[in-house]
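# Reading the structure
Here is how the chains run, residue by residue.
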Amino acid sequence: MPFATAFTDPAPSPEDLAELPGTVAVEFGVDWCPHCLGAQAFLREALQERRDITHIKIEDGPGRKLGRHFKIKLWPTLVVLRNGEEIGRVTRPQSAQEVEEQLPVAI
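Scope of this entry: the structure provided in the associated data block. Quick caveat: nothing in here was measured; it's all calculated off a predicted structure.

## Some points on the overall build of the protein chain
Counting its regular elements, the protein chain contains four helices and four strands. Going from the N terminus to the C terminus, the protein chain shows its helices and strands as α-β-α-β-α-β-β-α. Compactness check: the protein chain gives a C-alpha radius of gyration of 12 Å against a globular reference of 13 Å for 107 residues, within 12% of the reference. Its C-alpha atoms put the protein chain at 35 × 30 × 20 Å along the principal axes. Relative to all contacts within the protein chain whose residues are 6 or more apart in sequence, the contacts with residues 24 or more apart total 68%. A total of about 6000 Å² of accessible surface is found on the protein chain, and carbon and sulfur atoms cover 53% of it. Distance from the positive charge centre (12 side chains) to the negative charge centre (16 side chains) of the protein chain: 4 Å.

## Structural notes on the packing of aromatic side chains
Aromatic ring pairs are defined here through the distance separating the ring centres and the angle between the ring planes. Inspection of every chain in the model, using the stated rule, returns two aromatic pairs. Note on Phe28 and Phe70: the rings are 5.7 Å apart at their centroids and 50° apart in plane angle, and the pair reads as tilted. With Phe28 in strand β1 (residues 23–29) and Phe70 in the loop between α3 (65–69) and β3 (77–82), this residue pair connects regions lying 42 residues apart in the sequence. Exposure class is identical for Phe28 and Phe70. Each is buried. Judged by centre distance (5.7 Å) and plane angle (80°), the ring pair of Trp32 and Trp75 falls under edge-to-face.

## Description of the nonpolar core
Among the nonpolar cores identified, the biggest contains 15 residues, and Leu17, Val26, Phe28 and Phe70 are the most heavily contacted of them. If one sorts the elements of this core by residue count, β1 sits on top with three residues. Once residues lying within four places of it in the same chain are set aside, the contact partners of Leu17 are Pro12, Val26, Ile56, Leu66, Phe70, Leu81 and Gly84. Listed in part, the 12 residues of the second largest apolar core include Ala25, Ala39, Leu43 and Val80.

## Here we look at the pattern of salt bridges
In total, this model carries six salt bridges according to the counting rule given. Salt bridges sharing common partners tie together Asp9, Glu59 and Arg64.

## Things to note about the sheet that holds β1
Pairing is mixed in the open sheet, where four strands are placed in the order β2-β1-β3-β4. Looking at which strands have only one partner, the edges of the open sheet turn out to be β2 (53–59) and β4 (85–91). Neighbouring strand axes in the sheet, compared pairwise and without regard to direction, differ in orientation by 20° on average. The sheet contact formed by β1 and β2 spans seven bridges and is parallel.

What counts as what
- Here the residue numbers are simple positions, counted from 1 along each chain's written sequence.
- Thresholds applied to this predicted model are a pLDDT of at least 70 for local features of residues and 80 or more for the giving and counting of side-chain atom pairs; totals over whole chains, interfaces and linings are not thresholded and use all residues.
- Only hydrogens and water are removed before side-chain values are computed, so all heavy atoms of the structure are retained for them.
- Where helices and strands are cited, they refer to DSSP runs of H or I of at least four residues and of E of at least two residues respectively, numbered from the N terminus.
- The globule rule used here is 2.2 Å times the number of residues to the 0.38 power, and the radius of gyration it is set against is calculated over C-alpha atoms.
- Any two residues having at least one pair of non-hydrogen atoms within 4.5 Å are treated as being in contact.
- Only the protein chains shown count as cover for residues, and the accessible areas themselves come from Shrake-Rupley with a 1.4 Å probe.
- This count recognises Lys and Arg as positive and Asp and Glu as negative, with His and chain-terminal groups excluded.
- Note on charges: their place is set at NZ of Lys, CZ of Arg, CG of Asp or CD of Glu.
- Between 30 and 60 degrees the pair is tilted, below 30 it is stacked and above 60 it is edge-to-face, where a pair is any two Phe, Tyr or Trp rings, Trp via its six-membered ring, whose centres lie within 6.5 Å.
- Think of it in three bands: residues with accessible area under 20% of the maximum for their type are buried, residues over 50% are exposed, and the middle band is partly exposed, with areas taken using a 1.4 Å probe on protein chains only.
- What is meant by a nonpolar core is a set of buried Ala, Val, Leu, Ile, Met, Phe, Trp, Tyr and Cys residues, joined one to another through side-chain atoms within 4.5 Å.
- By definition here, a salt bridge exists when the distance from a side-chain nitrogen of Lys or Arg to a carboxyl oxygen of Asp or Glu is within 4 Å.
- Strand pairing requires that DSSP identify at least two bridges connecting the strands.
- To get an axis, a line is fitted to the C-alpha atoms, and for a helix only the part in contact is used. The angle between two axes follows their N-to-C directions and goes from 0 to 180 degrees.

Pasting the structure below:
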């Protein structure tokens, strides 16, 4: 799946995410956040060629259940799931390498 460019609202449920097969990179943030905007180039570089990873952008904020489920405190935070289980996480990445370190090795 290509790099997602738009935030999803409403968000899927935690159960829906857990049912997705394979590796899923869930990005929490909002489109007006300067930290989120600053990290986009790093996230794009790390994810755009990874056809083995589904990238989903979730609009987050106070009272948003999915963000609270994953205990998101800062934006952007990328949570990497494999078959519903968290295998990696990076908050406010400063390089593509920092994102890539949380991703499984490409098959």
